[in-house]
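Summary of structural features
Listed below, chain by chain, are the residues.
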Amino acid sequence: MTAHWSTVDTPIGPFTAVVAEDGAVLASGWTGDAGELSSLISPALAPASLAEAADLGDVTRAIVRYHDGELDAVSEIPVRQKSGEFRERAWDVLRTVKAGHPVSYADYATLAGNPAAVRAAASACARNAAALFVPCHRVVKSGGGLGGFRWGVDAKRWLLNHETS
């Protein structure tokens, strides 16, 4: 399988998505380096090759629409990630967390079906390859602190502010 990638300029820097032939996002984030993203894709889903595309159709339009303020634009885009049962469930749950309503890591663990699995829930955020489409930036510390984010705390702060303004 050949996956395609494209980069879009956004207010917080370049955003690149790697998309399978059927249009599902395999990896995405605020980088201009498709190689950085391809290393995040599960070996079970890894494409044989990557090819740059000028436009990824619905995916590119969703990225632009989200950054322009249409916050639910990315929720309709299919995503494909592979891992263990809890992590896959946790990623599915992240897609239900609404923009402007961040949850704590403890609440996220509860939503994912295991209130005691706060560390596992945090790990699911850290291992999420499809940033924005699986909105791990919507998970924050219980005390209100931002917590970590693969693409930087400044990007996480911008996203959360964007979703509440």
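The following paragraphs examine the structure supplied in this document. (Residues numbered from 1 in each chain as written. Predicted model: local features only at pLDDT ≥ 70, side-chain atom pairs only at ≥ 80, totals over all residues. Heavy atoms only, no water.)

Things to note about the overall build of the protein chain
We apply this condition: Comment: elements are numbered from the N terminus, with helices defined as DSSP H or I runs of at least four residues and strands as E runs of at least two. Only protein chains enter the accessibility calculation, which uses a 1.4 Å probe; a residue whose area is less than 20% of its type maximum is buried, one above 50% is exposed, and one in between is partly exposed. The criterion used for residue contact is that any of the two residues' heavy atoms lie within 4.5 Å. Residue burial considers only the protein chains on display, and all accessible areas are found by Shrake-Rupley using a 1.4 Å probe. The positive count covers Lys and Arg only, the negative count covers Asp and Glu only, and His and the chain ends enter neither. The atom standing in for a charge is NZ when the residue is Lys, CZ when it is Arg, CG when it is Asp and CD when it is Glu.
Scanning the protein chain for helices and strands turns up 6 helices and 6 strands. Along the chain direction, N to C, the helices and strands of the protein chain fall in the order β-β-β-α-β-α-α-β-α-α-β-α. Taken over the C-alpha atoms alone, the protein chain extends approximately 40 × 35 × 25 Å along its principal axes. Counting the 165 residues in the protein chain, one finds 47% classified as buried. Summarising the internal contacts of the protein chain: among those between residues at least 6 apart in sequence, 56% fall at separations of at least 24. Accessible surface computed for the protein chain: about 7800 Å², of which carbon and sulfur atoms make up 49%. Between the centroid of the 15 positive side chains of the protein chain and the centroid of its 18 negative side chains there is a distance of 9 Å.

Quick notes on the packing of aromatic side chains
Formally: Two rings belonging to Phe, Tyr or Trp (six-membered ring only in the last case) form a pair when the distance between their centres is within 6.5 Å. Interplanar angles under 30 degrees mark stacking, angles over 60 mark edge-to-face geometry, and anything in between is tilted.
With the rule as written, the count across this model stands at 3 aromatic pairs. With a centroid separation of 6.0 Å and 55° between ring planes, the pair formed by tryptophan 30 and phenylalanine 149 is classed as tilted. With tryptophan 30 in the loop between β3 (25–29) and α1 (34–38) and phenylalanine 149 in the loop between β6 (139–140) and α6 (153–164), this pair connects stretches of sequence that are 119 residues apart. Judged by relative accessible area, tryptophan 30 falls into the buried class, the value being 9%.

Notes on the side chain of serine 6
Let me state the cut-off plainly: Counting of polar contacts relies on pairs of N or O atoms within 3.5 Å, with two restrictions inside protein: one atom must be capable of donating a hydrogen and the other of accepting it, and residues adjacent in sequence are counted only when both atoms are side-chain atoms.
Take serine 6: it is sitting in strand β1 (residues 2–10). At a separation of 3.0 Å, a polar atom in the side chain of serine 6 contacts the main-chain carbonyl oxygen of alanine 53. The contacts of serine 6, once residues within four sequence positions are left out, are Phe15, Thr16, Ala17, Ala53, Ala54, Asp55 and Leu56.

Brief notes about the nonpolar core
So the rule is basically this: Only buried Ala, Val, Leu, Ile, Met, Phe, Trp, Tyr and Cys residues count toward a nonpolar core, and they belong to the same one when joined by side-chain atoms within 4.5 Å.
Ranked by internal contacts, the top residues of the largest apolar core, which has 51 residues, are Trp30, Val59, Leu94, Tyr108 and Phe133. Once residues lying within four places of it in the same chain are set aside, the contact partners of valine 59 are Ala17, Val19, Gly23, Val25, Ile77 and Phe133.

A word on α6
Threshold: Multiplying 1.5 Å by the helix residue count minus one yields the expected span of that helix.
Compared with an ideal rise of 1.5 Å per residue, which puts 12 residues at 16 Å, α6 spans 17 Å between its outermost C-alpha atoms and is within 8% of the ideal. Turning to α6, the residues buried within the fold contact α2 (58–67), α4 (105–111) and β6.

Examining α2
Helical periodicity: at 3.6 residues per turn, an α-helix aligns residues three or four positions apart in one direction. As a reminder, the rule being used: The arc in question is formed by the directions pointing from the helix axis toward the C-beta atoms.
Of all the residues in α2, the buried ones are Val59, Thr60, Ala62, Ile63, Tyr66 and His67. Down the axis, α2 shows its buried residues gathered within 160° of arc, on one side only. Contacts made by the buried residues of α2 are with β1, β2 (13–19), β3 and α6. Count one or two residues on from α2 and you reach glycine 69, which has phi positive near 115°.

Re the packing of helix α3 (residues 85–94) against helix α5 (residues 118–126)
So the rule is basically this: Throughout, an axis means a line fitted to C-alpha atoms (over the contacting stretch in the case of helices), and angles, computed between N-to-C directions, take values from 0 to 180 degrees. Convention used here: angles under 35 degrees read as roughly parallel, angles over 145 as roughly antiparallel, angles from 65 to 115 as roughly perpendicular, and any remaining angle as oblique.
Axis separation between α3 and α5 bottoms out at 9 Å; the angle between their running directions is 70°. Put simply, α3 runs roughly perpendicular to α5. Here Phe86, Arg87, Ala90, Trp91 and Leu94 of α3 come into contact with α5, specifically with Ala120, Ala121, Ser123, Ala124 and Cys125.

Section: the pairing of β3
Short version of the rule: One bridge is not enough; two strands pair if DSSP finds at least two bridges between them.
Most of β3 sits out of view: 5 of its 5 residues are buried. Sheet topology places β2 next to β3; 4 bridges connect them, and they run antiparallel. Of the residues in β3, the one forming a bridge with valine 18 is alanine 27. Remark: 5 residues form the turn of the hairpin made by β2 and β3, two consecutive strands paired antiparallel; glycine 23 in that turn has positive phi of roughly 95°.

Considerations on the pattern of salt bridges
Selection criterion: Only one rule defines a salt bridge in this text: a Lys or Arg side-chain nitrogen within 4 Å of an Asp or Glu carboxyl oxygen.
Here the structure, examined in full by the defined rule, presents 5 salt bridges. Arginine 65 is the salt-bridge partner of glutamate 70, the closest N and O atoms lying 2.5 Å from each other. Note that glutamate 163 is salt-bridged to arginine 138, the shortest N-O span being 2.9 Å. Here the residue glutamate 163 occupies a position in helix α6, and arginine 138 occupies one in the loop between α5 and β6, the gap between them amounting to 25 residues. By relative accessible area, which is 6% here, glutamate 163 ends up buried.

Fair warning: the whole summary comes from geometry, so function is off the table for now.
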